[in-house]
Amino acid sequence: MTTTDTTPETLVACRRLGVVFFPAFDWAISATHPEREERLLYTRDQLLEEGLFDIPGITEYRPIFATPTQLTRAHFCLPTVSAVSTESHLASAGGAIRAAQLVMNGEEERAFALVRPPGHHAMRVVHGNRGFCNINNEAVMIEYVRDHYPRPDGRPLRVAIVDTDVHHGDGSQDIFWNDPYTLFISLHQDGRTLYPGTGFPQECGGPGALGRTINIPLPPETSDAGYLYAIRHAVLPILEDFKPDLIINSAGQDNHFTDPLANMKLSAQGYAALNAALNPHIAVLEGGYSIRGALPYVNLGICLALAGLDASDIREPQWRTESTRQTAKVSEYIARLCDSICEIYFHPPTEPTDGHEDDGWWVRRKHIFYDTDMLREGQTEAWRLCSDCSGLGRITTASERVAESLCLLIPRHACQRCRKEATALADAARRSGRYAHIQLLDGDAVDTTA
């Protein structure tokens, strides 16, 4: 796989790296589905063959199981957690939590959760599987970190998610849409050409978090050069201004030039360079479906970059110069796009572009299709417009599987007025008998499970 003049025994990681591995042997959409256990089994065989874990400072770990309670710190699972998740989802989310523990406890300097099933298409409300995702691993991990590792000064922990999967991270965007302390940046193939058809620059956050959602829709056939340009000219300046306490890479690998589900031209060395420039504390695997042509090489490149090691000796057997060549037209488009992206972050609009104000609430209606389960959800999401906090969230939702239900979200550090309003809404809903399920998520109700 690689050609190098040095052997692994002569290498030492510049930064201690923990790699959490979980292939989910007992979970698959179907035996031949692109999202299956071979994605990681073949990768691990190659990483062992290359001697990655023989390098001092790089250590492999097993996941823990997330608890159902930890899942409900990030999601409203309808009708129940067990109805929309399996033990494999608990282990995948637990793998992300284990990666966070390694970094936050100081056991490792960087961590990479090589886990499946993926999760970045799973939204705040979950009725089933969409985009191969039931549970958002990064969201569960972030809530765990905020519960267990608060800032010493008492201020909210500031987290940046940089999603480099080829598909727009619409689930992560949905979960953190109105969270002013989470910066979500998604670099993805333009939604006009690829699932899920979202992720445009004007989608820049909710009424309490304008400018905290940043979408960078890249044109098909963007290569290493285009991604690195976007990182250096848009992502890094925004991160420098936001000053996150923690940077997470949603490390999808389906923008590789061999991936069967998309049309991008990234190479393993491009991924390594991207991670070297971004320098995230934690990476969590998302998509990537070129099982032999991409995943072993890309995962090796990401691991080397996170460990602070050179990845320039990686050789991909299908790589040719034209495989990752980008046209001048694509380069020019990306340059113009990055200028406009920075403008959106530093000068966001005065109100969201989706939805409208209604009697002191910001309301938007959504029709969500669970493409794996062939399930349709109708949802009305409303946020109380509050001058003292980011506002109370109120979601009414129904699908073919679940009758109309009410979900209330009290954000972390919510003001007393929003808390009282949440209690009143929940009490009135219970008395009405209108809803099949009533769930309340209190962001400050700390989960103490390990």
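Throughout, residues of each chain are indexed from 1 in the direction in which the sequence is written. Per-residue local features of the predicted model are confined to residues with pLDDT of at least 70, and side-chain atom pairs are confined, for both listing and counting, to 80 or more; whole-chain, interface and lining totals are unaffected and use all residues. Side-chain calculation: all heavy atoms of the structure are included, whereas hydrogens and water are not.

## What to know about the overall build of the chain
Then step 1. Scanning the chain from terminus to terminus reveals 11 helices and 16 strands.
Then step 2. All radius of gyration figures rest on C-alpha atoms, and the globule criterion is 2.2 Å times the number of residues raised to 0.38. Scaling as 2.2 N^0.38, a compact globule of 450 residues should have a C-alpha radius of gyration of about 22 Å, and the chain matches this with 21 Å.
Then step 3. With the principal axes as the frame, the chain shows a C-alpha extent of 70 × 45 × 45 Å.
Then step 4. Think of it in three bands: with a 1.4 Å probe and only protein chains considered, a residue is buried below 20% of the maximum accessible area for its type, exposed above 50%, and partly exposed in between. Looking at the chain as a whole, 60% of its 450 residues qualify as buried.
Then step 5. Working rule for contacts: check all heavy atoms of both residues, and any pair within 4.5 Å makes them a contact. In the chain, of all internal contacts separated by at least 6 residues, the share reaching a separation of at least 24 is 75%. A run of DSSP states H or I qualifies as a helix once it reaches four residues; a run of E qualifies as a strand once it reaches two. Both are numbered from the N-terminal end.

## As for the side chain of Glu 377
Then step 1. Relative to the helices and strands, Glu 377 is located in strand 13 (residues 375-384).
Then step 2. At 2.7 Å, the side chain of Glu 377 and the side chain of Gln 379 are in polar contact. Whenever a nitrogen or oxygen atom comes within 3.5 Å of another N or O atom, the pair is scored as a polar contact, on the condition that within protein one atom can donate a hydrogen and the other can accept it, and that pairs from neighbouring residues in sequence are kept only if both atoms are in side chains.

## A short note on helix 7 (residues 224-242)
Then step 1. In this scheme, a helix's expected span is set at 1.5 Å multiplied by one less than its residue total. The end-to-end C-alpha separation of helix 7 is 25 Å, in line with the 27 Å expected for 19 residues at 1.5 Å each.
Then step 2. To get the bend at any residue, fit one axis to the seven residues that end at it and another to the seven that begin at it, then take the angle between the two axes. Along helix 7, the helix axis deviates most sharply at Ile 231, where the bend reaches about 35°.
Then step 3. Inspection of helix 7 places Asp 224, Gly 226, Tyr 227, Leu 228, Ala 230, Ile 231, Ala 234, Val 235, Ile 238, Leu 239 and Phe 242 among the buried residues, and these make up the whole buried set.
Then step 4. Of the residues one or two after helix 7, Lys 243 is the one with positive phi, at around 55°.

## Observations concerning the nonpolar core
Then step 1. The criterion is simple. A nonpolar core is a set of buried Ala, Val, Leu, Ile, Met, Phe, Trp, Tyr and Cys residues joined through side-chain atoms within 4.5 Å. Ile 58, Phe 112, Ile 185, Leu 187 and Ile 216 are the most contacted members of the largest nonpolar core, which has 65 residues in total.
Then step 2. Residues in contact with Ile 185, not counting those within four places in the same chain, are Ile 161, Val 162, Asp 163, Ile 214, Ile 216, Val 235, Ile 238 and Leu 239.

## Remarks on the packing of helix 8 (residues 268-278) against helix 9 (residues 295-306)
When two helices pack together, their arrangement is captured by the angle between the axes and the distance separating the axes.
Then step 1. Lines fitted to C-alpha atoms define the axes here, with helix axes fitted over just the stretch in contact, and angles between the N-to-C directions of these axes take values from 0 to 180 degrees. Remark: helix 8 packs on helix 9, axes separated minimally by 8 Å, with the N-to-C direction vectors making an angle of 25°. Accordingly, the angle class assigned to the pair helix 8 and helix 9 is roughly parallel. With respect to the hand of their crossing, helix 8 and helix 9 are arranged in right-handed fashion. On helix 9, the residues that touch Ala 268, Tyr 271, Ala 272, Asn 275 and Ala 276 of helix 8 are Tyr 297, Val 298, Gly 301, Ile 302, Ala 305 and Leu 306.
Then step 2. Charged residues are taken to be Asp, Glu, Lys and Arg, nonpolar residues to be Ala, Val, Leu, Ile, Met, Phe, Trp, Tyr, Cys and Pro, and polar residues to be all remaining types, Gly included. Among the residues forming the contact of helix 8 with helix 9, the class breakdown is 9 nonpolar, 2 polar and no charged. Orientation categories follow fixed angle ranges, with anything under 35 degrees roughly parallel, anything over 145 roughly antiparallel, 65 to 115 roughly perpendicular, and all other angles oblique. In a left-handed crossing the near helix is turned counterclockwise from the far helix by less than a right angle, and in a right-handed crossing that turn is clockwise.

## Observations regarding the pairing of strand 14 (residues 393-399)
Then step 1. Of all 7 residues making up strand 14, 5 are buried, and the element is well covered by its neighbours.
Then step 2. DSSP-based pairing: two strands are paired if at least 2 bridges between them are found. Bridging between strand 13 and strand 14 involves 7 bridges; their strand directions are antiparallel. Note that in strand 14 the partner of Thr 380 across the bridge is Thr 396.
Then step 3. Where strand 14 lies against strand 15 (residues 405-410), 5 bridges are found, and the strand directions are antiparallel. By the bridge assignment, Gly 393 is partnered in strand 15 with Leu 409.
Then step 4. Remark: 5 residues form the turn of the hairpin made by strand 14 and strand 15, two consecutive strands paired antiparallel.

## Here we look at the sheet that holds strand 9 (residues 246-251)
Then step 1. If you trace the 8 strands from one edge of the open sheet to the other, you get 2-1-4-10-9-6-7-8, paired in parallel fashion. In this open sheet, the two edge strands, each paired with only one partner strand, are strand 2 (58-61) and strand 8 (213-218). Geometrically, the sheet is characterised by an average inter-axis angle of 15° between neighbouring strands, direction not taken into account.
Then step 2. Inspection of the sheet shows strand 1 (residues 17-22) paired to strand 4 (residues 110-115) by 6 bridges, in the parallel sense. Counterpart to Leu 17 in the pairing with strand 4 is Arg 110.
Then step 3. Sheet contacts for helix 5 (residues 137-148): strand 4, strand 6 (159-163), strand 7 (182-189), strand 9 and strand 10 (282-285); angle to strand 9, the most-contacted strand, approximately 165°.
Then step 4. With respect to the sheet, helix 10 (residues 328-346) is in contact with strand 7 and strand 8, its orientation differing from that of strand 8 by roughly 170°.

## What to know about the confidence of the model for the chain
Then step 1. Each residue gets a pLDDT score, which is the predictor's confidence in that residue and runs from 0 to 100. With 94% of its residues at a pLDDT of 70 or more, the chain shows a mean pLDDT of 93.
Then step 2. Confidence over residues 1-8 falls short of pLDDT 50; this stretch has 19 contacts with residues more than four positions distant or in other chains.

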